[in-house]
Amino acid sequence: MPDYSVYVTVVNKTSEDLSNGYSHASHGTWYRFPSWVSAGHTENFQLQDAKGWWFGSEGSFRYDLTGHGGSTSMFSTYQRDPWTENDQINKVDITDHPGPLSVYESYFRAKSGDQQDYGRKNQYPTGGHPLYVEYTIDYTTPYKRTLKFKLTRINAISTHPVRNSDDRLISGNHIVWDSSNPSSYKDGIRGSKEANVFGYRFGSAVKDTGILSVTLHALDSELSGLAAYLTGTRPGDAKVIFKSDVFTFPSSYYNDVTATARVVDRQTSDQPFCIDGDIDWGVTLVQTQKALTRDGEGVSRLELYWIAETRHTAFQQYFPIIFMRPFFESSGSRQTPVLAIRDNWSIDCTRRAFSAFNKKYDVISGKLHFFYYSYIVC
């Protein structure tokens, strides 16, 4: 007896799962229909014809696709392979395409009977039995290409003035790193010539204090309008120290875009800390979680301090960088850029220098005594 079934293949070329599978058969029975098609996998199943009936097979199925951005769309299909006596022809259709269409493409190829090869995209044979359909869900061309970006510069706003090792005063909004001359920012093994001091309210959310403005440039026009985020890690380590808010590349791809990067290494802190060392920056597309390729310099030397919002009168003009550095050391490898207060004595000394003082420290004798003891001995 002729086979009027539809043999279905679903090829999921995305990095997202197809979930919540649902099938309906008007004629025939779905056989081995999977409720899930994992990312990067292929599933085969069958809409089996109704033997002994005067139609053949007809039915539909659908899946949900949830993108990395959190939005969910639907992939739905319809297919049939009827008996020719019913004066009907084969039919295949994608009734719902997953979106956004700028990110995903879905299409089918079909063949019937003894045909060896599938036909052209979204075309099907109107006759011949059984019917074979291969559905593919993939990314659109911009998301499949190797796309590039360039890191341009990093800005920060220093809450408290600091005098660097060259005796230059740093305050307010300034460039802490620039790709045009990255080596000029290095100051010794870990330090930076553009050290920055943030005023931080201890116990509050670290991500709200010490924001970096990172400017980058798209090198491919296909990036225009795509959503992405920036991450900063220790070179050679996957641990994320900085992460930006989601941003969108401008429609005019030759324009720069500035991302707001925040510390995600810790949620809160009850004492001062600093990030001191090299940070490796990368960009990831939101929808596909695909990393862009960086062109040129992208490892920045940073020296950033989180201390109290208020400071001792002795440091009203500025904090000398040579005063700041001895208080902090790595809790582990010297390659770790996030540094903690060195020891209990440093914690106490630093708390007094970097926090609001009690009244007894406001007297001249107390201030001068503490300033001499801290600055000379520390």
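For clarity, every value in this text was computed on a predicted model and none was experimentally measured.

**Q** Which parts of the structure should I look at to understand the nonpolar core?
**A** By size, the foremost hydrophobic cluster in this structure holds 62 residues, and its most contacted members are Phe61, Leu212, Phe242, Phe249 and Trp281. Counting residues per element, this core draws most heavily on strand S20 (residues 273–285), at six residues. Leu212 has contacts with Ile154, Asn155, Ala156, Phe198, Phe242, Ala259, Thr260, Ala261, Trp281, Leu302 and Leu304, leaving out every residue within four places of it along the chain. Val162, Tyr305, Phe319 and Ile321 belong to the second-largest nonpolar core, a separate cluster that totals 14 residues.

**Q** Whenever I open this one, the sheet that holds strand S8 (residues 104–112) confuses me. Can you help?
**A** Across a sheet, strands are paired by hydrogen bonds formed along the backbone, either parallel or antiparallel in direction. Ordered in space as S3-S4-S1-S9-S8, the five strands form an open sheet in which the pairing is mixed. The open sheet is flanked by strand S3 (29–31) and S8, the only strands paired with a single partner. Neighbour to neighbour, the strand axes of the sheet diverge by 20 degrees on average, direction disregarded.

**Q** Would you explain unusual backbone geometry in this entry?
**A** Trans peptide bonds make up most of the peptide bonds, and negative phi angles are found at most residues other than glycine. Note the cis peptide between Gly99 and Pro100, where omega equals 5 degrees. In this fold, Pro100 is placed in the loop between strand S7 (91–96) and S8. Between His129 and Pro130 the backbone carries a cis peptide bond, its omega angle lying at -5 degrees. Within the secondary structure layout, Pro130 lies in the loop between S8 and strand S9 (131–139). Here Asp167, not a glycine, exhibits a phi torsion of approximately 65 degrees, which is positive. The residue Asp167 is located in the loop between strand S10 (148–163) and strand S11 (169–178) in this model. Take Asp167: its relative accessible area is 54%, and that puts it in the exposed class.

**Q** I would appreciate a short explanation of the packing of aromatic side chains in the present structure.
**A** Note on aromatic pairs: each is described by the distance of the centres and the angle between the planes. Tallying each qualifying case throughout the model produces 20 aromatic pairs. Considering the side-chain rings of Tyr7 and Tyr132, the 5.3 Å spacing of their centres and the 20 degrees angle between planes classify their relative orientation as stacked. In this pair, Tyr7 sits in strand S1 (residues 6–12) while Tyr132 sits in strand S9, placing the two residues 125 residues apart along the sequence. Judged by relative accessible area, which is 25%, Tyr132 ranks as partly exposed. Ring plane angle 80 degrees and centroid distance 5.7 Å describe the contact between Tyr200 and Phe202, whose orientation is recorded as edge-to-face. With a relative accessible area of 1%, Tyr200 lands in the buried category. The exposure class of Phe202 is partly exposed, given its relative accessible area of 27%. A network of ring pairs unites the aromatic residues Trp30, Phe33, Phe45, Phe61, Tyr63, Phe75, Phe108 and Tyr135 as a single cluster. If you follow Arg163 out to its NZ or CZ, it ends over the ring of Tyr318, 4.5 Å from the centre. Just above the ring of Tyr229 sits the side chain of Lys243; from NZ or CZ to the centre is 4.7 Å.

Parameters and conventions
Residues numbered from 1 in each chain as written. Predicted model: local features only at pLDDT ≥ 70, side-chain atom pairs only at ≥ 80, totals over all residues. Heavy atoms only, no water. Core = buried A, V, L, I, M, F, W, Y, C linked by side-chain atoms within 4.5 Å. Buried < 20%, exposed > 50% of the residue type's maximum accessible area, 1.4 Å probe, protein only. Helix = DSSP H or I, 4+ residues; strand = E, 2+ residues; numbered from the N terminus. Contact = heavy atoms within 4.5 Å. Pairing = 2+ DSSP bridges. Axes fitted to C-alpha atoms, helices over the stretch in contact; angles between N-to-C directions. Phe/Tyr/Trp six-rings, centres within 6.5 Å; stacked < 30°, edge-to-face > 60°. Lys NZ or Arg CZ within 6 Å of the ring centre and 35° of its normal.

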